[in-house]
Amino acid sequence: MNTLLLSSTIKNKQLQGIQHSITKANRYTLVVILLLAIALSACQVIPSSESESDQAVISGDLNINILAMSYSPSKLEVVKPGRYAVNVSNTTTIPHDIVFSNGIKLVVAPGQQASTLLDIPDSGLGYSCSLPGHKDAGMFGTITVNSEGHHAERKATELLANYSPYDPKVPALLPFETRDIYLRAEEKLNTVAKGVSQQLWTYNGKVPGPVIHVRLGDMVRIHLSNPASNKLAHSVDFHSSQVAWNDEMTSINPGEEKLYQWRADYAGVWMYHCGSNPALHHIASGMYGMVIVEPREGLPKVDHEFALVQSEFYVGQEGHTTDLHKASLHDPDYVVFNGVANQYKDHPIEVGTGKKVRMYVLNAGPNEDSSFHVVGTIFSRVIKEGIELTPENKGHYGAQAVDLAPAQGAIIEFTTAEDGLYPMVTHAFNFVGKGALGLIKAGDGDPKND
Ligand SMILES: [Cu+2]
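Residues numbered from 1 in each chain as written. Predicted model: local features only at pLDDT ≥ 70, side-chain atom pairs only at ≥ 80, totals over all residues.

Caption draft 1: Focus on the overall build of the protein. A tally of helices and strands in the protein yields seven helices and 28 strands. Going through the 450 residues of the protein one by one, you find that 37% of them count as buried. The contacts in the protein between residues at least 6 apart in sequence include a share of 72% that link residues at least 24 apart. (Helix = DSSP H or I, 4+ residues; strand = E, 2+ residues; numbered from the N terminus. Buried ≥ 20, exposed ≤ 12 C-beta atoms within 10 Å, placed from the backbone. Contact = placed C-beta atoms within 7 Å.)

Caption draft 2: The arrangement of the environment of alanine 327 in detail. Structurally, alanine 327 is set in helix α6 (residues 324-327). In this structure the C-alpha to C-alpha distance between alanine 327 and tyrosine 314, which are 13 residues apart in sequence, comes to 5.6 Å. With near-sequence residues (within four places) excluded, alanine 327 lies in contact with Leu280, His281, Ala284, Tyr314, Thr322 and Pro366.

Caption draft 3: Seen up close, the sheet that holds strand β18 (residues 304-313). Taken in spatial order, the six strands line up as β19-β18-β21-β26-β23-β24 in an open sheet, and their pairing is mixed. Edge positions in the open sheet fall to β19 (334-337) and β24 (387-389), since each of these has one partner strand only. Put simply, the sheet's adjacent strands are angled 15° from each other on average, direction ignored. Pairing of strand β23 (residues 381-384) with β24, which is carried by three bridges, proceeds in the antiparallel orientation. Within β24, the residue paired with valine 382 across the bridge is leucine 389. (Pairing = 2+ DSSP bridges. Axes fitted to C-alpha atoms, helices over the stretch in contact; angles between N-to-C directions.)

Caption draft 4: Quick look at the sheet that holds strand β28 (residues 437-442). Ordered in space as β20-β28-β27-β22-β25, the five strands form an open sheet in which the pairing is mixed. Edge positions in the sheet fall to β20 (349-351) and β25 (402-404), since each of these pairs with one other strand and no more. Sheet twist, expressed as the mean angle between neighbouring strand axes with direction ignored, is 20°.

Caption draft 5: Spatial organisation of the pairing of strand β17 (residues 288-294). The buried count for β17 comes to six of seven residues, which makes it a mostly enclosed element. Pairing of strand β12 (residues 212-215) with β17, which is carried by four bridges, proceeds in the parallel orientation. Residue pairing in the sheet places arginine 215 in a bridge with glutamate 294 of β17. In terms of strand pairing, strand β16 (residues 268-273) meets β17 through six bridges, oriented antiparallel. Across the sheet, the residue bridging to valine 269 is isoleucine 292, located in β17.

Caption draft 6: Structural detail: the environment of histidine 396. Among the structural elements, histidine 396 can be located in the loop between β24 and β25. Residue histidine 396 is classed as exposed on the basis of its 8 C-beta neighbours within 10 Å. In this structure, the C-alpha to C-alpha distance between histidine 396 and serine 380, residues 16 residues apart in sequence, is 8.9 Å.

Caption draft 7: Up close: the nonpolar core. Judged by nonpolar contacts, the single largest core of 72 residues is most densely connected at Val269, Met290, Val361, Ala410 and Ile412. Of all the elements, strand β21 (residues 356-365) adds the most residues to this core, at six residues. Aside from chain neighbours lying at most four places away, what touches isoleucine 412 is Met359, Val361, Phe379, Arg381, Val382 and Val402. Ile66, Tyr84, Leu106 and Met139 belong to the second-largest nonpolar core, a separate cluster that totals 19 residues. (Core = buried A, V, L, I, M, F, W, Y, C linked by C-beta atoms within 7 Å.)

Caption draft 8: Representation of the environment of phenylalanine 238 in the model. For phenylalanine 238, the position within the fold is in strand β14 (residues 237-238). Between the C-alpha atoms of phenylalanine 238 and glycine 289, which are 51 residues apart in sequence, the distance is 9.4 Å.

Caption draft 9: The arrangement of unusual backbone geometry in detail. The omega angle of the peptide bond from asparagine 277 to proline 278 is -10°, so this bond is cis rather than trans. Looking at the secondary structure, you find proline 278 in the loop between β16 and α5 (279-284). A cis amide bond links glycine 365 to the next residue, proline 366, at an omega of 15°. Of note, proline 366 is situated in the loop between β21 and β22 (370-374). For histidine 396, which is not glycine, the phi torsion reads 60° and is therefore positive. Positive phi, close to 85°, is recorded for alanine 407, a residue that is not glycine. Checked against the element boundaries, alanine 407 lands in the loop between β25 and β26 (409-415).

Below you can see the structure in the form of C-alpha cells.
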C-alpha cells in the first residue's frame, strides 16, 4: 500500500522498482522514506552520465538504512535477478560499511549515503558490516529472489523448517553433586509463529530458557554470562530464591559474568526471568524460564511429565526486536506455549491412553492471565502456588482449569480416558486463536480404533 502511495505521489521512476514492501503504516517511517526518496531523486543516485539504455537494464532500487548496529530492512526481496541500484544511508553517528557477498563494498560515513549498482543473482546475496564485532552485534542481512507470488508461503515453510519444537519433557533431577547451571544471555533470531521471526533475547538460545529441576534444600549455583557480542545488559531473577534484589539480580553488561547462588527453600513451580530495564521488554522478548522444586521426598511416580510455559509476543517488524509499546497494551499478537504459537497443534505431545500425566505449568506473561485447561480431562491433583488439591480428598473434588496470573505456576495431573486428541488451551478463549492451542494425542489419536 505504501509502495503504491510512493509511486503515485512522487512519480519517481527510480522508486518504482522498490521491491521490499513496507508492511506497517508507520507514519514516521513513511516520512523518512519520502524525504530519502526526494533527496535521492534530487542528487541523482544513478550517475547522470549513464545513458538511457544503461538505466533501462536497472531492475529497481533498493534502499537500506544503517541504524544502531543493524540494517533496516535486514531482509529484502526482489522478484527477479538482475541489476539494482542500491542506496545505503548511515543514520548513526559512527562509521559503518556494507559488504555484499559478491565482494562489493560501500563505506558509509556517519550521516552520509553511498550508492552502487549491484548484480543480484538467482541465489540472492548476503550483506554485513566488516568492522570488528558489528556483524555479531546484528549488522547483517539478505537479499532474496522470489520469482513467484508465493513469497509468504515459501518464507513460512522455510522458517517452520528452521525451528524444531521445544521439547516439553521435564529434564531429570539434577544429580545431587551437580547443581551448577550455566545461563548465557543470547540475543538471536527465533521463530515465534509460522513464518514470523523476531530478534529475541533468550537464555541459552531458546524460549523459554532451560527448565531447572531441583529438590527442596538443594543449593543451586547459577553462572550467568552476557557475551561481548550482545548489545544489551541482562540479568536474572529467580522467584525460587530469597536474596537481595540489588545483589544477585543486578544487571551485567556485554562481556561480563556473575554467580547467583540460592537454596531451594520452597517446593513448587517458579519463574525466572531477566529483570533488566525495562523488564517488560526483556520478558516480552523471551527471557524467562521455569524452575521446578520437588519436595525432598519427591512426587508420586507418574507415566509422563511435561513442562509448559505460557507467554505472549508483541511483534515488531519481521526479523526485528519485539514492540515494547504494544507490550504495554493488552493486545498481544501471539499467546504461546513454550515459545512458538501452535507448535504442539502442529506437533502433538504423545501420551499413552489411561496413563497418568503430570504437567508443570507456568504463566510467564508478561501481562495476561491464563486459565489453563485440557479439554476432555479433569485435574485430579492441582498444586498451585503452595495450595494443594489432592486426589484423595474427602468429597472427591476435582478441578477443570487453573488460573495463573503472570509469574504464577502450578503442578497438575490428569488421565486421558481413551485414545484421541485432548486440546490444551487457556480458557481465556480470545487467545486460543492467537496460538495458545496445543494437542495431547493419546494412543493413536483416533477414538474409533478403541
Ligand atoms: Cu535481558
